[in-house]
Amino acid sequence: MSKGSRPTKPGTSRRAFMIGGTAATISVAFPPPLRAQQTTIVSTIFGGAFEAAYRKHVVEPFQRKYNAEVILKYGTSSEWVANSLLNRGAPEIDVIFLAYPDSIRAVNEKLGMTLTPEDVPNVLNLHPVWYESYKKQAVGLDYASWGLTYRTDSGIPAPTSWLDLFKPEYAGKVILPNLTTSGGFQTLVMMAKLHGGSEDNIDPGFEALKRLKPNIRKFYLSNPEAGQLIDRGDAVIGAMYDNATWYMTDGGKPIQWIVPKEGALVGMVSLHIAPKTKHLDLCKKFVDFAISKEANEGFCNAIMAGPTNKLATLAEPAASRVPKLDSILFPDWYKIVKNAPRWIERWNREITG
Amino acid sequence: MAPAAAVVGLLLGAPVALLLSYGFAPGGSTQADFSDGATLENYAAVLGDSFYLNIILKTLWLSLVVTAASVVIGWMLAYFLWRAPERFKALLTVAVVAPLLVSIPVRNYGWMVLLGDTGLVNIALQKAGLVERPLKLMFTDLAVVIGLTHVLMPFVVLSVMATLERIPANLPEAARSLGANRLAAVRLVVLPLSVPGIVAGATLVFCVAISSYVTPALMGPSGAKYAATLIYQQFMSTFDWPRGAAIATILLVVTAMTVVLGLGVVGRRYRHLMQAH
């Protein structure tokens, strides 16, 4: 084929492609025109059933009532704390939703502004502990209880005590959270208290866990992982939150949750407002809405959690499943957070090393 | 070329340099506080502690094993693809590369279905009477090696295939006509010519394996047993960023030294093959 008579290629020429491509890039680079009169705030959430209930009972009604938009970011509590630390001057997250122990870290680092009843009127309707324990820099949203989850088809009689975990029948079939996973510190402190220790004297806790090691299948890294391990039968008993377990029970699995006779410990998620947010008024309204009686009731009934609003009442089945507030054990989170780095080092070497 | 390199250098190098500078600040917080000057305390704490050194060495060893396994399996797969009839080649290549489209956690969970205590492998072994109780295959170093090799092997396949495609297809035939048997033709002719592809693939696999977090976290033993999980823990749980930065720097240096050493050794032996032909 001679070079001189090559026909022109049909379709886009290189020049047309360059022009079109540049135009497309520029149009994507600029944000779409802002809808008039709608502000957007950014918050955070754990995924899964929790998120679905949160959107349905808190976020969507709020968006409708105030004609605003709430964008929810995913991730882990500690990532959100790290984000807030780095972006203090220009927060990426306006309303920070956090769990223990990151919520206490946030309080120590003053990542949330002090909330007053003028800012958030529903604060007066909260059980005081969910406001005071955060030094008034955050409010609790709902509480979960840390107890024992077990398979009913394991052939081993149902557990009644935390110490049942030590039974030889459970060899290689127990799961506990890694210390840095949600629930990890509760487990360590519980083990310490059961053997004569406390947050100030954690040695008995470490000793007990070292004795428990032969029974442990894995120290899991996330709540969903724990659920899967029990669901698939790799483990038959473990320390887990109640709401995560009920989700499986209601799905028809032979899995139950109990409060051990020594007590269940508390898990809590809280809402903090970044002081330098550009939408302070809307953030306050959001927090107020989230802890209001209606939102709290709807949300907690949906995921089997305990409400923080005194006026909120639970309906069945949540009412009989959720432990009453005065029956749950509260560890001293400020002491835990202070000791955390040293305990994590010890954990790496003595327990998982 | 130079302006592009400068832009890339700035965008990549500046954040890394910033992170690494944290390593020279006093530990225990999320700030790099240089008011008392720079310090080597983090490096001393890490390098002087056999616990940390073991983690780094274990990660290095694991990555080398993953690299070797990926290269061996990947090369064989690439050779098979190269020799495949033309009409199947595209389909088979897609089949090999398709896992790259699936996210890593999903692939790891897939392995859990196979390797778990109630997984297919254990069920098969028990039904065949080879074991009485399920083998603990998940949450071990072996599981991490399997998971990482599975995830990273396609990179070796692609890289080796690219090199093999430039070898004349009748070269092995020519070797055989000169008296080599089939194995010798592959070993003495095809394999040396594919070395550039092997080196590129192996370097990529090694660098990704040594710094990988997701697979060791999902499939490996509990706790912070590998460098990446340890670094993550320092940043996200202990909130000791200078310490985490120091460990990250050490990991970076170890990786760079291994790659340079490996390239140096291979380059010397195969210098005549490393030039583009």
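Cut-off values and rules
Residues numbered from 1 in each chain as written. Chains lettered and ligands numbered in written order. Predicted model: local features only at pLDDT ≥ 70, side-chain atom pairs only at ≥ 80, totals over all residues. Helix = DSSP H or I, 4+ residues; strand = E, 2+ residues; numbered from the N terminus. Contact = placed C-beta atoms within 7 Å. Buried ≥ 20, exposed ≤ 12 C-beta atoms within 10 Å, placed from the backbone. Domains from an automatic or database assignment. Nonpolar A, V, L, I, M, F, W, Y, C, P; charged D, E, K, R; others polar. Expected span 1.5 Å × (residues − 1). Bend = angle between axes of the 7 residues up to and from the residue. Core = buried A, V, L, I, M, F, W, Y, C linked by C-beta atoms within 7 Å. Axes fitted to C-alpha atoms, helices over the stretch in contact; angles between N-to-C directions. Parallel < 35°, antiparallel > 145°, perpendicular 65-115°, else oblique. Left-handed = near helix turned anticlockwise from the far one by under 90°. pLDDT = per-residue confidence, 0-100. Pairing = 2+ DSSP bridges. Right-handed = clockwise from strand over helix to strand, strands pointing away.

A. Focus on the overall build of chain B. The number of helices and strands found in chain B is 14 helices and zero strands. Starting at the N terminus, the α and β elements of chain B follow one another as α-α-α-α-α-α-α-α-α-α-α-α-α-α. Here the C-alpha coordinates of chain B stretch approximately 75 × 60 × 30 Å along the principal axes. In chain B, of all internal contacts separated by at least 6 residues, the share reaching a separation of at least 24 is 70%.

B. The overall build of chain A, seen in detail. Looking only at helices and strands, chain A features 13 helices and 10 strands. Seen along its three principal axes, the alpha-carbon backbone of chain A occupies a region of about 90 × 65 × 40 Å. By residue count, 45% of the 353 residues in chain A fall in the buried class. Partitioning the intrachain contacts of chain A with sequence separation of at least 6 by distance along the chain shows that 71% fall at a separation of at least 24.

C. Layout of the domain arrangement of chain A. Residue and element names in this part refer to chain A. When its domains are assigned, chain A resolves into domain 1 (40-143 + 267-323) and domain 2 (144-266 + 332-351). Measuring from the centre of the C-alpha atoms in domain 1 to the corresponding centre in domain 2 gives 26 Å. Facing the 16 residues of domain 1 at the interface are 20 residues of domain 2. Per-element accounting of the side of domain 1 that touches domain 2 gives the leading share, three residues, to helix α4 (residues 102-108). When its residues are assigned to classes, the side of domain 1 that touches domain 2 shows 11 nonpolar, three polar and two charged.

D. A look at the interface of chain A and chain B. Taken together, the contact pairs 19 residues of chain A with 16 residues of chain B. For the side of chain A that touches chain B, the elements supplying multiple residues, two or more each, are α3 (77-86), β6 (216-220) and α13 (333-351) of chain A. Tallying contributions element by element places α13(A) first for the side of chain A that touches chain B, with five residues. Within the side of chain A that touches chain B, the residues separate by chemical class into seven nonpolar, seven polar and five charged.

E. Here's a closer look at α13(A). The end-to-end C-alpha distance of α13(A), which contains 19 residues, comes to just 22 Å, noticeably less than the 27 Å that a straight helix rising 1.5 Å per residue would cover. If you look at α13(A), its biggest bend is around 55°, right at A340(A), and the proline P341(A) turns up within four residues after that. For α13(A), the complete set of buried residues consists of W333(A), A340(A), W343(A), I344(A), W347(A), N348(A) and I351(A). Where α13(A) is buried, its residues meet α4, α6 (184-194) and α7 (203-212) of chain A together with α12 (227-236) of chain B.

F. Local environment of the nonpolar core. Membership of the largest hydrophobic core comes to 153 residues, with the highest contact counts inside it found for V139(A) and V287(A). If you tally residues by element for this core, the top one is helix α7 (residues 141-164) of chain B, at 14 residues. Split by domain, this core shows at least three residues from each of two domains, domain 1 (40-143 + 267-323) and domain 2 (144-266 + 332-351) of chain A. Not counting residues within four places of it along the chain, the set of residues in contact with V287(A) comprises V95(A), V120(A), V139(A), L271(A) and I273(A).

G. How the structure looks around the packing of helix α2 (residues 49-66) of chain A against helix α10 (residues 280-290) of chain A. All names here are of chain A. In contact at an axis separation of 10 Å, α2 and α10 are set at 130° when each is read in the N-to-C sense. Relative to α10, the element α2 is oriented oblique. Between α2 and α10 lies a crossing whose hand is right-handed. For the pair formed by α2 and α10, the contact residues are V58, F62 and Y66 on the first element and L282, K285, F286, F289 and A290 on the second. Its residues assigned to classes, the contact of α2 with α10 comprises seven nonpolar, no polar and one charged.

H. Seen up close, unusual backbone geometry. Residue and element names in this part refer to chain A. In this model, Y100 is joined to P101 through a cis peptide bond whose omega is -10°. As for its position among the elements, P101 is in the loop between β3 (95-99) and α4. Following E316, the chain continues into P317 via a peptide bond in cis, with omega recorded as -5°. Despite not being glycine, K110 has its phi angle at roughly 55°, a positive value.

I. The confidence of the model for chain B, seen in detail. Looking at chain B, pLDDT values average 88 and 98% of them are 70 or higher. For this predicted complex, the interface confidence score (ipTM) comes to 0.82, while the overall pTM stands at 0.84.

J. A look at the pairing of strand β2 (residues 69-73) of chain A. Residue and element names in this part refer to chain A. When strand β1 (residues 40-44) meets β2, the two strands line up parallel, connected through five bridges. Note that in β2 the partner of T40 across the bridge is E69. A crossover links β1 with its parallel partner β2, the connecting element being α2, and its sense is right-handed.

K. Geometry of the pairing of strand β9 (residues 265-273) of chain A. All names here are of chain A. When you tally the buried positions in β9, you get nine out of nine residues, the bulk of the element. Neither face of β9 is left uncovered, since the one carrying L265, G267, V269, L271 and I273 and the one carrying V266, M268, S270 and H272 both have all their residues buried. Sheet analysis places β3 next to β9, joined by five bridges and oriented antiparallel. By the bridge assignment for β9, I96 is matched with H272. Pairing of strand β4 (residues 139-151) with β9, which is carried by seven bridges, proceeds in the antiparallel orientation. Looking at the pairing, G140 lines up with S270 of β9.

L. Spatial organisation of α6(A). Residues and elements named next belong to chain A. Of all 11 residues that make up α6, 10 are buried, and the element is covered over most of its length. For α6, the full list of buried residues reads G184, F185, Q186, T187, L188, V189, M190, M191, A192 and K193. Residues of α6 that are buried sit in contact with β4, β5 (174-177), α7, β7 (237-241), β9 and α13. The first or second residue beyond α6 is G196, which carries a positive phi of 90°.

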